[in-house]
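Given next are the chains, with one letter for each unit.
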Amino acid sequence: MTNARGPSNEAFEEPTSGDACVCPVRNAIEHYVTGILGLAATLIVGVQAYPWLQSVTGTTTYLGSTWLVFSFAAIWLVCWIALELAWEWRAGRIHLL
């Protein structure tokens, strides 16, 4: 049987170079949690900012919905990065100043 990595009777070795991003499961779960919390924060901020966003994007008839989606995606990205940095700073893994 052959899968995406090759024949099943061959052993597959992960690269051990410094370029490989091998994150422990603990860090992956923290990353997912901050993403979900960022989405929740986006929904809270988005509900509050929706009337303003709708009035701003209502001036462009063709790209109004595209700007709304882009705005929500940008808010989610900013919230996610901020929460990720706060989590890592609180855990003592990074020093911001």
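Residues numbered from 1 in each chain as written. Predicted model: local features only at pLDDT ≥ 70, side-chain atom pairs only at ≥ 80, totals over all residues. Heavy atoms only, no water.

Observations concerning a nonpolar patch on the surface
Now for step 1: A cluster of nonpolar side chains, contributed by I29, V33, L37, L83 and W87, occupies part of the molecular surface with about 390 Å² of accessible area.
Now for step 2: Secondary structure elements with two or more residues in the nonpolar patch: α1 (25–57) and α2 (64–91).
Now for step 3: Take the nonpolar patch: its biggest share by element is 3 residues, from α1.
Now for step 4: By the element assignment, V33 lies in helix α1.
Now for step 5: Look at V33 and you get partly exposed, because its relative accessible area is 32%. (Patch = residues over 30% accessible without salt bridge, like charges linked within 9 Å, V, L, I, M, F, W, Y side chains within 5 Å. Areas by Shrake-Rupley, 256 points an atom, 1.4 Å probe, with all protein chains shown as cover. Salt bridge = Lys/Arg side-chain N within 4 Å of Asp/Glu carboxyl O. Helix = DSSP H or I, 4+ residues; strand = E, 2+ residues; numbered from the N terminus. Buried < 20%, exposed > 50% of the residue type's maximum accessible area, 1.4 Å probe, protein only.)

A few points about the side chain of T42
Now for step 1: Here T42 shows up in helix α1.
Now for step 2: The contacts of T42, once residues within four sequence positions are left out, are F72, I75, W76 and C79. (Contact = heavy atoms within 4.5 Å.)

Here we look at the environment of T42
Now for step 1: A relative accessible area of 3% means that T42 is categorised as buried.
Now for step 2: Taking the C-alpha atoms as reference points, T42 and V78, 36 residues apart in sequence, are found 9.0 Å from one another.
Now for step 3: Reaching out from T42, the side chain makes a polar contact with the backbone nitrogen of W76 at a distance of 3.3 Å. (Polar contact = N/O pair within 3.5 Å; in protein donor to acceptor, adjacent residues only side chain to side chain.)

Regarding the packing of aromatic side chains
Now for step 1: Evaluation of the coordinates by the stated rule reveals 2 aromatic pairs.
Now for step 2: When the centroid spacing of 5.8 Å and the interplanar angle of 90° are considered together, the rings of W67 and F70 count as edge-to-face. Taken together, the residues span about one helical turn, with W67 and F70 both in helix α2 at a distance of 3 residues.
Now for step 3: By relative accessible area, which is 43% here, W67 ends up partly exposed.
Now for step 4: Judged by its relative accessible area of 53%, F70 is exposed.
Now for step 5: Both rings, one in W76 and one in W80, keep their centres 5.5 Å apart while their planes meet at 20°; by these two values the pair is stacked. Separated by 4 residues within a single helix, W76 and W80 lie in helix α2, roughly one turn from each other.
Now for step 6: Relative accessible area serves as the criterion here: at 32%, W76 is assigned to the partly exposed category.
Now for step 7: Since its relative accessible area comes to 25%, W80 is described here as partly exposed. (Phe/Tyr/Trp six-rings, centres within 6.5 Å; stacked < 30°, edge-to-face > 60°.)

So yeah, pure geometry; function would need other evidence.
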